[in-house]
Amino acid sequence: MIEGLEELRLQALGCRACKLCQTRTNVVFGTGNPHAQVMLIGEGPGETEDLQGEPFVGRGGKFLDKMLAHVDLSREKNIYIANMVKCRPPQNRDPEKDEVAACIGYLYRQIGLIKPKIIVCLGRVAACALIDPSFKVTKQHGQFFEKNGILMMGTMHPAALLRNPMYKPAALDDLVKLREKMDQLGLA
Ligand code: SF4
């Protein structure tokens, strides 16, 4: 375990800094290998994630795991997955500005402790918050941008891929690009 990460997790578990604490079942802090050099970041937990306290464990998450396995990536081995907000927005709506403002510090501290070389933003909300507010996922997915010494890529959210299967090949291609970049940089 990385020093400080467990303390941060415990702090998040007791957090009541925004209104999402009133409707959550569990705080969904993050999961995976804390020594990973790649982090995947989504916008917020959905219903299954809220019930289980783990990110990306519903239908979309299972589909994500399958796609990751295709390029030899898994949360057990070489990635860490977290969300921008740690508690579920009701009815899976986008997190609101004040909720993101209250919560994003946890994510920044996770990034600071895990120190990934590459961050992949899953979906528009995360890509707009972390890469560029005008990020267009359908146009700019799969491209790498460097920010504060970290390579960042945006791709489609797995739940969106289940709704729009026509984007699945492009999303898989993005993960192939990620794998190629990792190999190029000598990342495990
Ligand atoms: S969403 Fe984040 S800031 Fe809001 S209560 Fe949950 S952990 Fe705290």
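Everything below is about the structure printed above this text.
All of these numbers come straight from a predicted model, not from anything done at the bench. (Residues numbered from 1 in each chain as written. Predicted model: local features only at pLDDT ≥ 70, side-chain atom pairs only at ≥ 80, totals over all residues. Heavy atoms only, no water.)

Colleague: Whenever I open this one, the packing of aromatic side chains confuses me. Can you help?
Modeller: For any pair of aromatic rings, geometry is given as the distance between the ring centres together with the angle between the planes. If you walk through the whole model with that rule in mind, you get one aromatic pair. With centroids separated by 5.8 Å and ring planes inclined at 70°, the aromatic side chains of Phe135 and Phe145 adopt a geometry described as edge-to-face. Separated by ten residues along the polypeptide, Phe135 in the loop between helix H5 (124-130) and helix H6 (137-140) and Phe145 in strand S5 (residues 144-147) bring together distant segments of the chain. Overall, the relative accessible area of 25% leaves Phe145 in the partly exposed class. Above the face of the Phe29 ring, Lys86 is positioned so that its terminal group lies 5.8 Å from the ring centre. Cation over ring: Lys181 sits above Phe144, and NZ or CZ is 5.1 Å from the ring centre. (Phe/Tyr/Trp six-rings, centres within 6.5 Å; stacked < 30°, edge-to-face > 60°. Helix = DSSP H or I, 4+ residues; strand = E, 2+ residues; numbered from the N terminus. Buried < 20%, exposed > 50% of the residue type's maximum accessible area, 1.4 Å probe, protein only. Lys NZ or Arg CZ within 6 Å of the ring centre and 35° of its normal.)

Colleague: What is the right way to look at the pairing of strand S4 (residues 118-122) in this model?
Modeller: On any regular strand, side chains alternate: one points to one face of the sheet, the next to the other face. Along S4, five of the five residues are buried, which leaves the element largely enclosed by surrounding structure. Along S4, one buried face is formed by Ile118, Val120 and Leu122 and the opposite face, lined by Ile119 and Cys121, is buried too. Pairing between strand S2 (residues 38-42) and S4: four bridges, direction parallel. Within the sheet, the bridge partner assigned to Val38 lies in S4 and is Ile118. Both S4 and strand S6 (residues 150-155) contribute to a ladder of five bridges, which runs parallel. (Pairing = 2+ DSSP bridges.)

Purely geometric numbers; function is a separate question.
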